[in-house]
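Residue strings, one per chain:
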Amino acid sequence: MHDVKSEPATLSNTISELGEGPSFEPETNTLWWFDILGKLLHERNLSTGEERHHPLPFMASVIARIDAERQLLATQEGLYIRNRRDGALSLYCELEAGNAGTRSNDGRLHPSGCLWIGTMGKGAEEGAGAIYHVARKTVTRLFGNISIPNGICFSPDGSTGYFVDTTKNLLMRVSLDASTGLPIGEPAILIDTSDQPGGMDGSVCDRDGNIWNARWGAGAVDCYSPDGALVTRRTLPARQTTCPVFFGPGLTNIGVTSAWEGLSPDQRESDPLAGQVFALTTGAAGTPEPSFRA
């Protein structure tokens, strides 16, 4: 394993309390991400450098392209359609109707166009969350008794899914039907980092099937091979790194969100870039994110 001093660039100096859910849209060369606790959706046009910041009426954590007019948002109140022109939101489907104690957290689109989305207690209560599969408006509960769902990503061919409960730090691997994104087997432990500092947060797979995982509390993004071996670690200048995404021409760069949530004033002073978005050049390349099939 190589610990590489990456000299990452700052992609956006916008500060988020809990930066999460980055998504790159090649069609518009735009990076999207959230400040979950700040109830904000951020948008950066990478061609012009222009940023826009969209207030939301609730916490949200995942955004996905539907088409040139619409986007899908995963929120604390279910899945919503966002109209790009005016930002108007309309309920698409509910996830946990009547449960005001949970919110959405990590999620990602499967190559088939379905969504995997995790929920968690607003206070990270033990076992309060779950992971769901959403295909159009059909919602299937996949895995329960999860405290902080993270690490959701898929092999490039869609035949393997990954997820983690950050409170346990066990990255799970499960075989999938590549045409639907539904499990066809039981999850098994691929990577056990329960004895290491920090927590496994968001993940993304590159086109070779390697898993790039943001390590909360360690200021790093770790790359694991498909068989679970740690290949490299890329360090970043913010302690609480949250989620990576491939972006840019050829999808050869990785953007990484971060957070200052939970830091004391002294810790924030010693971690001045916490909450910004960073860019890494890794030598790897991603695959284009699919559109959600609404």
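Residues numbered from 1 in each chain as written. Predicted model: local features only at pLDDT ≥ 70, side-chain atom pairs only at ≥ 80, totals over all residues. Heavy atoms only, no water.

**Description of the sheet that holds strand β7 (residues 60–65)**
Strand order in the open sheet formed by four strands is β7-β8-β9-β10, with antiparallel pairing between adjacent strands. The strands lining the two open edges of the sheet, one partner per strand, are β7 and β10 (89–93). For this sheet, the mean inter-axis angle between neighbouring strands, taken without regard to orientation, is 30°. (Pairing = 2+ DSSP bridges. Helix = DSSP H or I, 4+ residues; strand = E, 2+ residues; numbered from the N terminus. Axes fitted to C-alpha atoms, helices over the stretch in contact; angles between N-to-C directions.)

**Overview of the side chain of R103**
Its place among the elements puts R103 in strand β11 (residues 102–109). Put simply, R103 is tucked away with no salt bridge, and the nearest opposite charge, on E261, sits 5.8 Å away. At 3.1 Å, the side chain of R103 forms a polar contact with the side chain of N105. Excluding anything up to four places from it in sequence, R103 contacts L18, I36, M59, Q76, G118, T119, M120 and K122. (Buried < 20%, exposed > 50% of the residue type's maximum accessible area, 1.4 Å probe, protein only. Lys, Arg positive; Asp, Glu negative; His and termini not counted. Salt bridge = Lys/Arg side-chain N within 4 Å of Asp/Glu carboxyl O. Polar contact = N/O pair within 3.5 Å; in protein donor to acceptor, adjacent residues only side chain to side chain. Contact = heavy atoms within 4.5 Å.)

**Notes on the sheet that holds β11**
Strand order in the open sheet formed by four strands is β11-β12-β13-β14, and the pairing between neighbours is antiparallel. Only two strands of the sheet have a single partner each, and these edge strands are β11 and β14 (138–146). The mean angle between the axes of side-by-side strands here comes to 25°, regardless of whether they run parallel or antiparallel. Relative to strand β12 (residues 115–121), β11 runs antiparallel, the two sharing six bridges. Bridge pairing links S104 to T119 in β12.

**So, the packing of aromatic side chains**
Enumeration according to the criterion identifies six aromatic pairs in this entry. An angle of 90° between the planes, with centres 5.1 Å apart, marks the rings of W116 and F154 as edge-to-face. Taken together, the residues span a long stretch of sequence, with W116 in strand β12 and F154 in strand β15 (residues 149–154) at a distance of 38 residues. Taken as a pair, W116 and F154 share a single burial class, namely buried. Ring geometry for F143 versus F163: centroids 4.5 Å apart, planes at 20°, classification stacked. Residue F143 is found in strand β14, and its partner F163 is found in strand β16 (residues 160–165); the two are separated by 20 residues along the sequence. (Phe/Tyr/Trp six-rings, centres within 6.5 Å; stacked < 30°, edge-to-face > 60°.)

**Comments concerning the confidence of the model for the protein**
Mean pLDDT over the protein: 96, with 98% of residues reaching 70 or higher. Contacts for the low-pLDDT stretch residues 1–5, under 50 throughout, to residues beyond four places or in other chains number 14 contacts. (pLDDT = per-residue confidence, 0-100.)

**Observations regarding the nonpolar core**
The biggest cluster of nonpolar side chains holds 21 residues, and the ones touching the most others in it are L31, W212 and F246. When contributions to this core are tallied by element, the ones reaching two or more residues are β4 (30–35), β21 (220–224), β23 (241–247), β24 (253–258) and β25 (277–281). Ranked by residues supplied to this core, first place goes to β25 with four residues. (Core = buried A, V, L, I, M, F, W, Y, C linked by side-chain atoms within 4.5 Å.)

**Some thoughts on the pairing of strand β6 (residues 51–55)**
The sheet contact formed by strand β5 (residues 40–45) and β6 spans five bridges and is antiparallel. Its bridge partner being in β6, R44 is matched across the sheet by E51. Where β5 folds back on β6, the antiparallel hairpin that results is connected by five residues, among which G49 adopts a positive phi of roughly 80°.

**Points about the environment of E50**
Here E50 is to be found in the loop between β5 and β6. Each C-alpha atom of the pair E50 and T30 lies 9.7 Å from the other, and the pair is 20 residues apart in sequence. Beyond its immediate chain neighbours, meaning those up to four positions away, E50 contacts E43, R44 and N45.

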